[in-house]
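Remarks on the overall topology
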Amino acid sequence: HSLSDSLDATAPLAAGDPREPYLPDDDDEPVATDIPQVSPTRVILADPDVAQASPLASRLQEHGYHVQWVQDPVEIQAIRASLPDDGPVVVVADAALQPLLQDLEMTSHPHILPVIYLAGQDSFELRYRVAESGAGGLFLRPVDVPALVERIEAAVGEFQSARRSRVMLVDDDRARVMHAQAVLASAGMEVRVVVEPADILAQLPAFRPDILLLETRVGPCSGPVLARMVRLQPEWQDLPVVFLTAGPGDVDQDALDTEDVLTGPLTDRSLITAVRSRCYRARQMARQISRDRLSGTLVA
């Protein structure tokens, strides 16, 4: 206690008594800040039922989303024309609108995420139809809003992660590979093209991809053998490899039984969605491997 009293008596207060609130003087200059302003995620809510849509829109707005409610999905076409180029757009729609949304090809825009559907009744047929459409989720009414928000955040996180992703594409068909590069780049991914199989090992350490996209046949070389060759290097043994095939008959199933395969023909949208999800999983897996499960600290 004596030591504490001595210190209190001799140490000057740097900024006044901490018990008193700080009030700036008139002569104080404002402190400039460089904190970026982050725009809220845009959510398009497509639902013709006012009684259901209005409270849901309000709840989503309470979670910080910029919500646009439309009763007619055709209105989304006009919204799509004015979308910004720097952020994702989440669509939440009544499941009854799924055929119309699919006919509109509404999600062809690279920044519009797969639709999350809401349904009043559950059935196998509904779930199968929604899954077949490539939906991003299905929730039964009454909607569990926290669970819906969690799904939206996961989709946005996947989108943002993919925009930082690096994809190495190995294919000797220059026209096809340039088209795929343009499609993936439109979704914000960084793509490195390799047309000569002999260049793969030199390009890997220079680019350090998140995933490797390989045709099943690149010139005289077998895709599965190229993947095995890459994984002989200790630093690349965990690199995810995704094979691109023209169709079910264009693949040696015995060689690819344990591999990830994208079977064509693929639309631009399905290619973006498939690569985006695989990049996200690869980055999540790399994070889990490199960090301690309990503390989250980096593992030496």
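Note that this is a predicted model, so its numbers are computed, not measured. The residue count restarts for each chain, going from 1 along the sequence in the order it is written. Reporting in this predicted model follows two pLDDT cut-offs: at least 70 for local features of residues, and 80 or more for side-chain atom pairs to be given and counted; totals over whole chains, interfaces and linings ignore these cut-offs and use all residues. Only hydrogens and water are set aside when side-chain values are computed; all heavy atoms of the structure are taken into account.

**Examining the packing of helix α8 (residues 200–207) against helix α9 (residues 223–231)**
Orientation is described by lines fitted to C-alpha atoms, with helices fitted over the stretch in contact, and by angles between N-to-C directions that extend from 0 to 180 degrees. Counting from the N terminus, the helices are the DSSP runs of H or I reaching at least four residues and the strands are the DSSP runs of E reaching at least two. Where α8 meets α9, the closest approach of the two axes is 11 Å, and the angle between their N-to-C directions is 55°. Taken together, α8 and α9 sit at an angle that is classed as oblique. When the axes of α8 and α9 are compared, the crossing they make is right-handed. Along its contact with α8, which presents Ile200, Leu201 and Leu204, the element α9 presents Leu226, Met229 and Val230. Here the residues of the contact of α8 with α9 are counted per class, giving 6 nonpolar, no polar and no charged. To sort the angles, those under 35 degrees are grouped as roughly parallel, those over 145 as roughly antiparallel, those from 65 to 115 as roughly perpendicular, and the leftovers as oblique. Helix crossings are classified by the rotation of the near helix relative to the far one: an anticlockwise turn of less than a right angle makes the crossing left-handed, while a clockwise turn makes it right-handed. Residue contacts are defined here by distance: any two heavy atoms, one from each residue, within 4.5 Å place the two residues in contact. The classification used treats Ala, Val, Leu, Ile, Met, Phe, Trp, Tyr, Cys and Pro as nonpolar, Asp, Glu, Lys and Arg as charged, and all other residues, Gly among them, as polar.

**Focus on the confidence of the model for the protein**
On average, the protein scores 80 in pLDDT, and the residues at 70 or more come to 76%. Predicted confidence is poor over residues 11–37, with pLDDT under 50, and the contacts of this stretch with residues over four places away or in other chains come to 1 contact. Confidence scores here are pLDDT values: one per residue, from the predictor, ranging 0 to 100.

**Remarks on the sheet that holds strand β11 (residues 241–245)**
Strand order in the open sheet made by the 5 strands is β7-β6-β8-β11-β12, with parallel pairing throughout. In this open sheet, the two edge strands, each paired with only one partner strand, are β7 (190–194) and β12 (260–263). Along the sheet, successive strands turn relative to each other by an average axial angle of 25°, direction set aside. Pairing geometry for β11 and β12, over 4 bridges, is parallel. Bridged to Val242 within β12 is Asp260. We treat two strands as partners when DSSP finds at least two bridges between them.

**Considering the side chain of Asp94**
Positionally, Asp94 belongs in strand β3 (residues 89–94). Relative accessibility thresholds used throughout: buried, under 20% of the residue-type maximum; exposed, over 50%; partly exposed, between the two (1.4 Å probe, protein chains only). Given a relative accessible area of 15%, Asp94 falls into the buried group. Among the polar contacts made by the side chain of Asp94, one reaches the main-chain amide nitrogen of Ala96 at a distance of 2.9 Å. Identification of polar contacts relies on pairs of N or O atoms within 3.5 Å, with a donor-acceptor requirement for protein atoms, meaning one able to donate a hydrogen and the other able to accept it, and with residues adjacent in sequence counted only if both atoms are side-chain atoms.

**So, α9**
Those residues of α9 that sit buried are Gly223, Pro224, Leu226, Ala227 and Val230. The buried residues of α9 occupy an angular sector of 160° when projected down its axis, which confines them to one face. When we speak of the arc, we mean the arc of directions from the helix axis to the C-beta atoms.

**Quick look at unusual backbone geometry**
Note that the residue after Arg141, namely Pro142, is joined by a cis bond; omega there is -5°. Here Pro142 lies in the loop between β5 (137–140) and α6 (145–162). Unlike most non-glycine residues, Arg208 shows phi in positive territory, near 50°. Mapping Arg208 onto the fold places it in the loop between α8 and β8 (211–215).

**Digging into the sheet that holds β5**
Pairing in this open sheet of 5 strands is parallel, and the strands run β2-β1-β3-β4-β5 from one edge to the other. Only two strands of the sheet have a single partner each, and these edge strands are β2 (66–70) and β5. Here the strands of the sheet are splayed against their neighbours by 20° on average, with no regard to which way each runs. As judged from the 5 bridges shared by strand β1 (residues 42–46) and β3, these two strands associate in the parallel manner. Following the sheet pairing, Ala46 is matched in β3 by Ala93. The sheet contacts of helix α2 (residues 50–62) involve β1, β2, β3 and β4 (116–119), and relative to β2 the element is tilted by about 170°.

**Digging into the environment of Val92**
Here Val92 shows up in strand β3. Separated by 56 residues in sequence, Val92 and Leu148 place their C-alpha atoms 9.4 Å apart. Residues within four places of Val92 in sequence aside, it is in contact with Val43, Ile44, Leu45, Ala46, Ile116, Leu118 and Ile152.

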